[in-house]
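# Residue-level structural notes
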Protein chains: 2
Amino acid sequence: MRDDSTGGDGGVPHLSPEEFRKLGHRMVDWIADYQARLESFPVRSQVAPGGVASKLPEHPPEEGLAGEAGWEGIFKDLEDIILPGLTHWQSPSFFAYFPANASGPAVLGELLSAGLGVQGMLWSTSPAATELETRVLDWLAELTGLPEDFRSTSATGGSVIQGTASEATLVAMVAARERARRHGAPADSEWVAYASTQAHSSVLKAAMLCGVAHGAEDTTHVRLIETSARYGMRPELLERTIREDLDAGRVPFFVCATVGSTSSGAADPVRAVGEVMARTPMRASGGWLHVDAAWAGAALVCPEHRDLLDGMSGVDSLAFNPHKWLLTNFDCNAFYTRDRKALLDALSVTPEYLRNAASASGAVIDYRDWQVPLGRRFRALKLWFVLRHYGAKGLRAHIREHVRLGERFESWVSEDERFEVAVPRSLSLVCFRLKPLPGEPPQATDARNRELLERVNASGKMFLSHTVLHAVEGAPARYVLRMAIGASMTQERHVRAAWELLASSVG
Amino acid sequence: MRDDSTGGDGGVPHLSPEEFRKLGHRMVDWIADYQARLESFPVRSQVAPGGVASKLPEHPPEEGLAGEAGWEGIFKDLEDIILPGLTHWQSPSFFAYFPANASGPAVLGELLSAGLGVQGMLWSTSPAATELETRVLDWLAELTGLPEDFRSTSATGGSVIQGTASEATLVAMVAARERARRHGAPADSEWVAYASTQAHSSVLKAAMLCGVAHGAEDTTHVRLIETSARYGMRPELLERTIREDLDAGRVPFFVCATVGSTSSGAADPVRAVGEVMARTPMRASGGWLHVDAAWAGAALVCPEHRDLLDGMSGVDSLAFNPHKWLLTNFDCNAFYTRDRKALLDALSVTPEYLRNAASASGAVIDYRDWQVPLGRRFRALKLWFVLRHYGAKGLRAHIREHVRLGERFESWVSEDERFEVAVPRSLSLVCFRLKPLPGEPPQATDARNRELLERVNASGKMFLSHTVLHAVEGAPARYVLRMAIGASMTQERHVRAAWELLASSVG
């Protein structure tokens with residue numbers, strides 16, 4: 001009991017600080033041991049649907065646990081029920097989707113955030129949560145070479161930690177609509193948003209959420225523009241589509257350019273996209289260009305990858321996820337804009353119970369006006385710990401090592417005549433497949449690749465995922481495997497083992 | 001270094017499991033010590049705007065820390081920079097807003113979630129994350145007495161952990177619009193959402209996000225219905241407004257009923273609201289009733305508070321925040337619906353790279369289709385730990401103790417002739433104020449209350465917030481103080497000290 005000296009806890013079995021200390025040590029030990037034995041687990045969970053639920057009691061417990069000792073059962077269940085039901089995203093042999101690469105410093109930051117349990121919705125509800133966030137995001141802007149006017153120190157820009165890239169896209173889209181409205185577009189306009197066929201599904205989802213798209217099949221209000229053979233948006237098609245929409249009385253208001261697409265790591269030509277917007281009436285009527293660099297943005301810490309930033313002068317907002325490839329555990333999306341006023345215009349609602357002198361003074365940032373939810377965790381702590389622990393040098397070394405491993409993997413694929421690299425490697429992402437056999441129909445090639453994927457994933461020794469690359473410029477659609485290198489602990493030996501397993505698993 | 005035996009880490013200074021273990025213990029110790037000394041801090045931060053930022057380096061570090069020893073500086077900065085910049089939400093003398101009451105078991109769950117670092121966006125990306133979430137939410141439905149058809153075991157219902165009540169309201173509103181569309185309303189209808197004047201600001205914000213409201217001042221598409229003297233929505237006014245909107249060609253599609261309003265803890269008459277919807281054409285055309293019980297929902301663990309559930313048969317979704325008053329650290333909103341299909345219709349988008357056999361089989365839940373973001377943390381762990389550690393008995397004792405403390409506080413206010421209880425106590429929330437002096441104009445009474453609030457908050461000994469209760473039924477608007485009892489460690493002695501400070505601080 002927390003306070004048994006006074007007996008004032010109403011009989012609620014809280015952990016005392018000393019009990020929390022002991023259990024906390026034990027949980028940290030469990031996690032450290034988990035880290036040490038990560039390579040011993042099948043990477044992809046092997047349970048069948050219902051396999052976890054069947055081991056859980058059907059009804060909640062009436063009685064609580066008797067203090068610290070009662071936790072034996074919980075630790076046992078972690079081993080017996082939870083672990084077999086996990087796909088181990090932190091495994092060094094996890095190459096699926098994009099990474100969600102956590103790190104020790106980030107985990108400590110998340111722990112501290114939970115332990116402090118403060119709310120950062122307003123500056124006044126915990127000034128340190130706001131001011132640390134602003135500062136570490138300015139640090140990150142400096143580390144990634146973002147333009148000055150995306151920083152909090154600029155006249156009109158600023159940044160915020162969003163939960164995810166999906167939320168970042170939604171917030172940008174809503175700010176864009178509000179800005180277009182203030183440029184004179186009627187509120188009930190037929191709004192049109194643009195992205196490439198390779199854009200993340202969250203662009204369509206954002207349009208559905210904010211009412212621009214009328215359902216997932218609405219191709220009138222979300223225009224997915226065809227790409228070049230390298231899967232970057234074709235700006236001349238964007239321009240033609242914008243003009244057609246304008247002629248039809250619709251209101252083009254938002255373009256999402258992708259830098260580092262989920263399928264193949266492709267980049268849209270951001271500069272050309274911005275020029276299209278400037279050339280058409282779209283820009284002058286408030287049109288917004290958002291850059292979704294969810295995964296690839298982390299590579300900007302290396303000057304050699306700053307070509308990804310070409311054309312930033314035409315960009316209104318950019319977001320990337322330190323929780324993907326910058327050693328910060330989910331959730332942590334870094335959202336930058338040069339028009340913070342547009343966000344506030346779209347998202348500010350101030351009821352009486354949240355009014356306070358600091359906010360009224362205008363001297364502080366209230367981040368709840370920059371995001372979908374009201375409440376917010378103190379997520380800046382984990383980013384602060386990561387930036388301090390690794391330093392700029394450590395972060396650059398981290399990205400460079402993974403890109404080097406991607407190059408190695410790409411070279412092994414290229415040297416094996418049964419395989420081919422499907423599109424040029426993007427940073428540490430390699431899309432590849434078994435080549436078509438002579439005379440083999442495309443569906444049969446796809447099927448052999450699908451079987452290979454399932455075979456290696458079922459082995460438990462590695463886990464990778466797939467995509468279908470769209471038919472483009474005469475080439476048919478292709479089912480390809482994605483080797484996304486990015487787990488924090490992945491070393492060359494893991495990538496080599498993955499390649500050897502793939503090469504030896506061809507049917 | 002993680003793996004210095006092989007030297008394969010590319011020079012990236014990761015923490016080894018052993019280094020993580022040592023630092024983790026130290027962080028746990030820091031948090032346990034923080035818990036033990038919580039009462040020694042000023043509850044509300046006393047820093048001025050810029051006071052935290054001024055102590056932080058302007059530029060990010062080029063060099064990282066030399067392993068574990070390098071963290072001395074971080075722990076020092078926690079004391080010198082972060083702590084003074086915090087408002088201590090976990091302080092037993094924190095009575096502001098609504099509580100965000102964490103607990104030891106929840107913090108351990110958040111730590112574990114970060115340490116595992118798995119993504120629960122799809123069943124297949126970590127089956128345990130999905131199946132544990134489904135089960136603990138069914139447990140919670142049982143504990144709170146929610147109808148059977150809100151559980152995953154029902155034919156059409158189900159539940160999910162959202163981040164916040166704001167997101168829950170947004171998701172419900174978007175599902176509602178999609179359902180109304182499928183009932184025949186044109187996609188470009190003039191949609192109208194309804195709530196009381198006491199509804200949380202997130203209802204308006206959700207309407208702005210999803211495009212129903214055209215800006216924060218739009219009273220045509222978000223109708224805030226006047227209330228009775230107890231601040232519950234007046235159903236006859238709701239009905240009249242719905243009929244006026246229908247007559248004007250608008251489409252009423254969504255009502256948010258509040259149970260436990262932020263200002264005063266008021267409850268809308270849910271049964272009567274549902275009956276209005278059934279009586280008008282609104283229900284038959286797909287109209288949706290969402291109950292926002294963000295704070296008060298936790299009290300449903302006690303059978304004596306189940307009157308809050310009256311009228312649930314007309315309700316489509318209900319959400320409350322275990323992160324407010326059920327000992328689970330932010331973020332954790334429990335969202336229940338009896339029409340899960342409506343959510344999926346509104347939110348499902350499935351790109352190729354997320355397709356998988358388990359999802360295609362229909363045998364599993366993919367929670368990304370139930371929420372705004374794609375990615376999600378393994379938040380069920382913390383709720384599981386809380387439910388197991390406290391058990392149903394412990395949770396009931398927790399709520400009952402806080403309600404008892406609210407009753408105590410209310411009685412002290414009532415007995416002091418200088419004060420008055422402004423509206424009847426709601427659970428553990430007491431709205432009160434200094435009474436008007438004879439002949440005192442309302443603004444002067446408000447000013448004396450404002451001064452009292454600022455005086456006690458500036459003392460650092462407690463922190464409470466205020467609201468303005470709307471003018472209603474002839475009574476003028478009133479500035480009142482809100483005593484929201486709900487911090488995990490609050491005991492009678494803290495509530496008594498708060499009252500004594502208030503009583504002795506009257507100017």
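Residues numbered from 1 in each chain as written. Chains lettered and ligands numbered in written order. Predicted model: local features only at pLDDT ≥ 70, side-chain atom pairs only at ≥ 80, totals over all residues. Heavy atoms only, no water.

## Structural notes on the overall build of chain A
Condition: Only DSSP runs of H or I covering at least 4 residues are called helices, and only runs of E covering at least 2 are called strands; the numbering of each starts at the N terminus. What the globule rule says is 2.2 Å times the number of residues to the power 0.38, and the radius of gyration is computed from C-alpha atoms. For every residue, the accessible area obtained with a 1.4 Å probe (protein chains only) is divided by the maximum for its type, and the residue is called buried under 20%, exposed over 50%, and partly exposed between those limits. Any two residues having at least one pair of non-hydrogen atoms within 4.5 Å are treated as being in contact. What sets the accessible areas is the Shrake-Rupley method with a 1.4 Å probe; for residues, cover comes only from the shown protein chains. Counting rule for charge: Lys and Arg are taken as positive, Asp and Glu as negative, and neither His nor the chain ends is counted. Note that the charge is assigned to NZ on lysines, CZ on arginines, CG on aspartates and CD on glutamates.
On a plain count of helices and strands, chain A comes out with 15 helices and twelve strands. The C-alpha radius of gyration computed for chain A amounts to 25 Å, which stays within 12% of the reference 23 Å derived for 507 residues, consistent with globular compactness. The principal-axis extent of the C-alpha atoms belonging to chain A is close to 75 × 65 × 45 Å. Buried residues in chain A amount to 68% of all 507 residues. The contacts in chain A between residues at least 6 apart in sequence include a share of 73% that link residues at least 24 apart. Summed over its atoms, the accessible surface of chain A is roughly 15800 Å², and 52% of this surface lies on carbon and sulfur atoms. Distance from the positive charge centre (53 side chains) to the negative charge centre (62 side chains) of chain A: 4 Å.

## What to know about the interface of chain B and chain A
Selection rule: Values labelled buried area give the accessible surface lost by two parts on being combined, using a 1.4 Å probe and summing over both. Salt bridges are identified by distance alone: a Lys or Arg side-chain nitrogen within 4 Å of an Asp or Glu carboxyl oxygen.
Counting residues at the interface gives 155 residues for chain B and 154 residues for chain A. Carbon and sulfur atoms make up 65% of the area that chain B and chain A hide from each other, which totals about 14200 Å². Across the contact surface, chain B and chain A share eleven salt bridges. We note a salt bridge from Glu62 of chain A to Arg396 of chain B, for which the minimum N-O separation is 2.3 Å. With 16 residues, helix H1 (residues 17–36) of chain B is the largest single contributor of residues to the side of chain B that touches chain A.

## Some points on the UniProt feature "modified residue: N6-(pyridoxal phosphate)lysine" (unreviewed entry) in chain A
All names here are of chain A. Heads up, the condition is: UniProt positions are given in the numbering used here, feature names are shortened, and annotations may be inferred rather than shown by experiment.
Per the UniProt record, "modified residue: N6-(pyridoxal phosphate)lysine" (unreviewed entry) is found at Lys324. Structurally, the position occupied by Lys324 is in helix H10 (residues 322–325). The contact partners of Lys324, leaving out residues within four places of it in the chain, are Phe98, Pro99, Ala100, Asn101, Ala294 and Trp295.

## Notes on helix H11 (residues 340–347) of chain A
By the burial criterion, the buried members of H11 of chain A are Ala342, Leu343, Asp345, Ala346 and Leu347 of chain A. Tucked into the core, H11 of chain A has its buried residues touching helix H5 (165–182), strand E6 (288–292) and strand E8 (333–337) of chain A together with helix H6 (201–209) of chain B.

## With respect to the nonpolar core
Nonpolar side chains in soluble globular proteins generally cluster together in the buried interior. Here is the rule: Within this scheme, the nonpolar core is defined by two criteria: the residues are buried Ala, Val, Leu, Ile, Met, Phe, Trp, Tyr or Cys, and they are joined through side-chain atoms within 4.5 Å.
Residues Met27, Phe378 and Trp384 of chain A together with Met27, Phe378 and Trp384 of chain B are the most contacted members of the largest nonpolar core, which totals 235 residues. Listed in part, the 80 residues of the second largest apolar core include Ala168 and Ala342 of chain A together with Ala172 and Phe335 of chain B.

## What to know about the sheet that holds strand E10 (residues 429–434) of chain A
All names here are of chain A. This is how it is decided: DSSP bridges decide pairing: two strands pair if at least two such bridges lie between them. As a rule, the C-alpha atoms of each element are fitted with a line to give its axis, helices using only the stretch in contact, and angles between N-to-C directions run from 0 to 180 degrees.
Here we have five strands laid out as an open sheet, ordered E1-E11-E12-E10-E9, and mixed in their pairing. What marks the edges here is a single partner per strand, and that holds for strand E1 (94–95) and strand E9 (419–421). By the bridge criterion, five bridges tie strand E11 (residues 463–469) to strand E12 (residues 478–484) in an arrangement that is antiparallel. In the sheet register, His466 faces E12, and the bridge partner there is Leu481. In the packing of helix H14 (residues 442–458) onto the sheet, the strands contacted are E9, E10, E11 and E12, and the crossing angle to E12 comes to about 30 degrees.

## What about the pairing of E8 of chain A?
All names here are of chain A. Across the five residues that make up E8, a large majority, five, are buried. Across five bridges, the pairing between strand E2 (residues 158–162) and E8 is antiparallel. By the bridge assignment for E8, Gly158 is matched with Thr337.

## Description of the packing of helix H3 (residues 104–116) of chain A against helix H13 (residues 380–415) of chain A
What describes two packed helices is the angle between their axes and the distance between those same axes. All names here are of chain A. The test is simple: Relative orientations are named as follows: roughly parallel for angles under 35 degrees, roughly antiparallel for angles over 145 degrees, roughly perpendicular for angles from 65 to 115 degrees, and oblique for any other angle. For a crossing to be left-handed, the near helix must be turned anticlockwise from the far one by less than a right angle; the clockwise case is right-handed. Under this grouping Gly is polar, as are all residues other than the nonpolar Ala, Val, Leu, Ile, Met, Phe, Trp, Tyr, Cys and Pro and the charged Asp, Glu, Lys and Arg.
Packing of H3 against H13 leaves a shortest axis separation of 7 Å and a crossing angle of 150 degrees. By the criterion of interaxial angle, the relationship of H3 to H13 is roughly antiparallel. As H3 packs across H13, the resulting crossing turns out to be right-handed. Together, Pro105, Ala106, Leu108, Gly109, Glu110, Leu112, Ser113 and Leu116 of H3 and Leu381, Lys382, Phe385, Val386, His389 and Tyr390 of H13 make up the contact between the two elements. Partitioning the contact of H3 with H13 into residue classes produces nine nonpolar, three polar and two charged.

## Examining the packing of H1 of chain B against helix H2 (residues 72–82) of chain B
All names here are of chain B. Put simply, H1 and H2 touch, their axes get as near as 12 Å, and they point 15 degrees apart. If you check the angle between H1 and H2, you find them roughly parallel. Where H1 crosses over H2, the two elements pack in a sense that is right-handed. Here Leu23, Arg26, Met27 and Trp30 of H1 lie close against H2, whose contacting residues are Glu72, Phe75, Leu78 and Glu79. Looking at the contact of H1 with H2 residue by residue, the class counts come to five nonpolar, no polar and three charged.

## Thoughts on the sheet that holds strand E4 (residues 222–225) of chain A
Residue and element names in this part refer to chain A. Spatially, seven strands are ordered E2-E8-E7-E6-E5-E3-E4 in an open sheet, and the strand pairing comes out mixed. In this open sheet, the two strands that pair with only one neighbour each are E2 and E4. Mean inter-strand twist for the sheet, computed between neighbouring axes without regard to direction, equals 20 degrees. With three bridges joining them, E6 and strand E7 (residues 317–320) adopt parallel strand pairing. Counted as the bridge partner of His290 is Ser317 from E7.

## So, helix H4 (residues 127–144) of chain B
Convention followed: By this rule, a helix spans an expected 1.5 Å times one less than how many residues it contains.
The end-to-end C-alpha distance of H4 of chain B, which contains 18 residues, comes to 26 Å, matching closely the 26 Å that a straight helix rising 1.5 Å per residue would cover. Gly145 of chain B lies just past H4 of chain B and shows a positive phi near 70 degrees.

## Thoughts on the packing of aromatic side chains
Stated formally: Paired rings are identified among Phe, Tyr and Trp, the last through its six-membered ring, by centres lying within 6.5 Å, and are further divided according to the angle between planes into stacked (under 30 degrees), edge-to-face (over 60) and tilted (the rest). Either the NZ atom of lysine or the CZ atom of arginine qualifies as a charge over a ring when it sits within 6 Å of the ring centre and within 35 degrees of the ring normal.
Scanning the model with the defined rule gives 34 aromatic pairs over all chains in all. Between Trp295 of chain A and Trp325 of chain A, the ring centres sit 5.3 Å apart and the planes meet at 15 degrees, which makes this aromatic pair stacked. Residue Trp295 of chain A is located in the loop between E6 and E7, and its partner Trp325 of chain A is located in helix H10; the two are separated by 30 residues in the primary sequence. For the ring pair Tyr367 of chain A and Trp370 of chain A, a centre distance of 5.6 Å and an interplane angle of 70 degrees mean the geometry is edge-to-face. Neither Tyr367 of chain A nor Trp370 of chain A differs from the other in exposure class; each is buried. The rings of Trp89, Phe94, Tyr97 and Phe463 of chain A are connected pair by pair, giving a single aromatic cluster. Here the guanidinium or amino end of Arg482 of chain A rests over the ring plane of Phe98 of chain A, the centre of that ring lying 5.0 Å away. Here Arg37 of chain B stacks its cationic end above the ring of Trp30 of chain B, 5.7 Å away from the centre of that ring.

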